[in-house]
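So you can see what is in the structure, the chains are spelled out below.
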Amino acid sequence: MRTLLITGGAGFIGSNFVRLILERHPDYHVIVYDKLTYAGNLDNLKDVASRFGDRYVFIQGDICDAEKVGQSLQIHNVDTIVNFAAETHVDRSILDPDAFIQTDVYGTYVLLEAAREMGMERYHQISTDEVYGHVPTGTSKESDPIAPRSPYAASKASADLMVLAYHITYGLPVTITRGANNVGPYQYPEKVVPLFVTNAIDDLPLPLYGDGLQVRDYHYVLDHCDAIDLVLHQGEIGEAYNVGSGSEMKNLDMTRLILGLLSKPESLIQPVKDRPGHDRRYALDISKLRALGWAPAHTCEESITSTVRWYVENEWWWRPIKNGEHYQAYYRAQYAGREAARELAR
Ligand code: NAD
Ligand code: TYD
């Protein structure tokens, strides 16, 4: 039996992971610890309480709150922390980095201290391929230097370094996974794939940054969760593991694929001013994870195809978010004037 504190478990990847763990390990208990920021949503876990009864507990809390973190670990006899909690959107980190430093850096430190003090059996950190920075050719290996370029990536890289430092200095049993761009059910529609799918369903423009030739590995969220489960059980302590599909796609091709799947015209593509410091390409070498016996089940194209289907079938989930005042205010701040700015820059 194992009791996991899953921070950020009400977010996109965290909620998919909670379901996977409870389904796969009938003797495990899961405590979701989540602040419920704009990105946290109890609708993501709607079926979980009824399906899994007292094997699942939800606590609303901030990972920066050391007292509440400590109490939650103690009351529920937690032996494993899996930290998904983070501010996660690059564009928001450009508009306002403050919350990224608080949650992604300081919050990780609070969790590490609690893990050390209470002798956790494992601390697992969910990290990202963005810590390696822009990769013009080839693929990033776990041993490559980290070279983050956005405030989001820098905050995640700082957390990785602190996690590894806690292992080296205090012997804390840590592991890290560095995931590629995830897609799939319950992703907040500020990230490009759900944004473009839901805009296209409503015949709204798809704001494609710059020339659209940036490359990403659009990886299926359940493949990512499967890999995290494997690393939790078979990963080597003190090690980081890259997690991706090993395939890649240009943003323009991803956009055309979405429009084609929805039978929408390419005239919906609206080229807009590029993101500052936009990383042109991420690409991961996943051989270290493959050596543990893992293989991705979906290519980028298959992942995006499944994701489009889910958003078409689950308007109940995303439409209230997009109609909400928070989303609309963000959309205006991020996109209003972007088209005009691009014209001026020509
Ligand atoms: P998300 O934005 O959908 O969810 C983040 C969750 O964390 C939300 O439920 C939010 O309420 C919670 N949270 C935020 N601040 C908190 C705080 N201070 N205390 C407690 N909870 C807090 O994010 P996601 O896309 O599911 O990403 C999860 C993790 O995976 C993050 O650490 C992210 O850096 C990493 N990651 C994401 C991707 C991706 O493509 N989405 C890829 C690789 C790695
Ligand atoms: P995003 O989903 O924000 O993930 P990340 O920046 O973490 O990779 O963006 C994925 C790609 O899509 C990235 O190259 C930026 C691009 N993009 C757009 O072209 N338009 C948009 O409106 C957004 C949000 C992203």
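Quick note: structure is the one above.
The structure displayed is predicted, hence computed values, not measured ones.

The rules behind each value
Residues numbered from 1 in each chain as written. Chains lettered and ligands numbered in written order. Predicted model: local features only at pLDDT ≥ 70, side-chain atom pairs only at ≥ 80, totals over all residues. Heavy atoms only, no water. Helix = DSSP H or I, 4+ residues; strand = E, 2+ residues; numbered from the N terminus. Rg over C-alpha atoms; globule rule 2.2 N^0.38 Å. Buried < 20%, exposed > 50% of the residue type's maximum accessible area, 1.4 Å probe, protein only. Contact = heavy atoms within 4.5 Å. Areas by Shrake-Rupley, 256 points an atom, 1.4 Å probe, with all protein chains shown as cover. Lys, Arg positive; Asp, Glu negative; His and termini not counted. Charge placed at Lys NZ, Arg CZ, Asp CG, Glu CD. Phe/Tyr/Trp six-rings, centres within 6.5 Å; stacked < 30°, edge-to-face > 60°. Lys NZ or Arg CZ within 6 Å of the ring centre and 35° of its normal. Near = heavy atom within 4 Å. Polar contact = N/O pair within 3.5 Å; in protein donor to acceptor, adjacent residues only side chain to side chain. Nonpolar A, V, L, I, M, F, W, Y, C, P; charged D, E, K, R; others polar. Domains from an automatic or database assignment. Core = buried A, V, L, I, M, F, W, Y, C linked by side-chain atoms within 4.5 Å. Patch = residues over 30% accessible without salt bridge, like charges linked within 9 Å, V, L, I, M, F, W, Y side chains within 5 Å. Salt bridge = Lys/Arg side-chain N within 4 Å of Asp/Glu carboxyl O. Disulfide = S-S within 2.5 Å. Pairing = 2+ DSSP bridges. Axes fitted to C-alpha atoms, helices over the stretch in contact; angles between N-to-C directions.

(A) Up close: the overall build of the chain. Within the chain, the regular secondary structure consists of 14 helices and 13 strands. By the compact-globule yardstick of 20 Å for 346 residues, the chain fits well, its C-alpha radius of gyration being 19 Å. By principal-axis analysis of the C-alpha atoms, the chain measures approximately 55 × 45 × 40 Å. The burial tally for the chain puts 57% of its 346 residues in the buried class. Across the chain, contacts joining residues at least 24 apart in sequence account for 84% of those joining residues at least 6 apart. Accessible area for the chain stands at about 13,900 Å²; split by element, carbon and sulfur atoms hold 52% of it. Taking the 33 positively charged and 46 negatively charged side chains of the chain as two groups, their mean positions are separated by 4 Å.

(B) Seen up close, the packing of aromatic side chains. Within the structure shown, the criterion is met by 14 aromatic pairs. Taking the centre distance of 5.6 Å and the plane angle of 65 degrees together, the rings of W310 and W317 count as edge-to-face. Here W310 and W317 have matching classes, each one buried. Every member of this aromatic cluster is reached through a ring pair, and the members are Y38, Y188, Y209, Y327, Y331 and Y335. It is R116 that lies over the ring of Y170; its NZ or CZ is 3.9 Å from the centre. In this arrangement the basic side chain of R338 is found over the ring face of Y209, its NZ or CZ atom lying 4.7 Å from the centre.

(C) Molecular detail of the site of ligand 2. Around ligand 2 sit 21 residues in total, of which E130, R216, R275, H278 and Y335 are the nearest. A distance of 2.4 Å is found between an oxygen atom of ligand 2 and a side-chain nitrogen or oxygen belonging to E130. A distance of 2.8 Å separates a nitrogen atom of ligand 2 from a polar atom in the backbone of P207. Considered on its own, ligand 2 offers 510 Å² of accessible surface; in the complex 97% of this is hidden by protein. Those elements giving two or more residues to the shell around ligand 2 turn out to be α4 (90–95), α7 (192–201) and β8 (206–209). Its residues assigned to classes, the shell around ligand 2 shows ten nonpolar, five polar and six charged. Shared between two domains, the shell around ligand 2 holds at least three residues of each, these being domain 1 (3–184 + 219–243) and domain 2 (192–215 + 250–280 + 301–345).

(D) A look at helix α9 (residues 251–261). Among all positions of α9, only N251, L252, M254, T255, L257, I258 and L259 are buried. Just downstream of α9 lies S263, where phi reads positive at about 55 degrees.

(E) Here's a closer look at the nonpolar core. Core analysis: the largest hydrophobic core is formed by 34 residues, its most contacted members being V197, Y218, M254, I258 and I304. For this core, the elements supplying multiple residues, two or more each, are α7, β8, α9, β13 (269–272), α11 (300–313), α12 (315–323) and α13 (325–335). With six residues, the single largest contributor to this core is α7. Setting aside residues up to four positions removed in sequence, V197 forms contacts with I258, L262, V308 and Y311. Counting 24 residues, the second-largest nonpolar core is a separate cluster that includes V18, L45, F52 and Y56.

(F) Examining a nonpolar patch on the surface more closely. The grouping of Y106, Y109 and M162 at the surface amounts to a nonpolar patch, some 280 Å² of accessible area in total. On the secondary structure map, M162 appears in helix α6 (residues 151–170).

(G) Local environment of the state of the cysteines. According to the stated counting rule, one finds zero disulfides in the structure shown. You can see C225 has no disulfide; the closest cysteine sulfur is in C300, sitting 17 Å from it. A residue is classified by how much of its surface remains accessible, and C225, at 0% relative accessible area, is buried.

(H) Geometry of the sheet that holds strand β5 (residues 122–128). With respect to topology, seven strands assemble into an open sheet ordered β3-β2-β1-β4-β5-β6-β11, the strand pairing being parallel. On the outer flanks of this sheet lie β3 (56–60) and β11 (239–243), each paired with one strand and no other. The sheet shows a mean angle of 20 degrees between the axes of neighbouring strands, direction not considered. One ladder, built from five bridges, connects strand β2 (residues 28–34) with β3; its direction is parallel. Each residue of the ladder has a partner; that of V32, found in β3, is F58.

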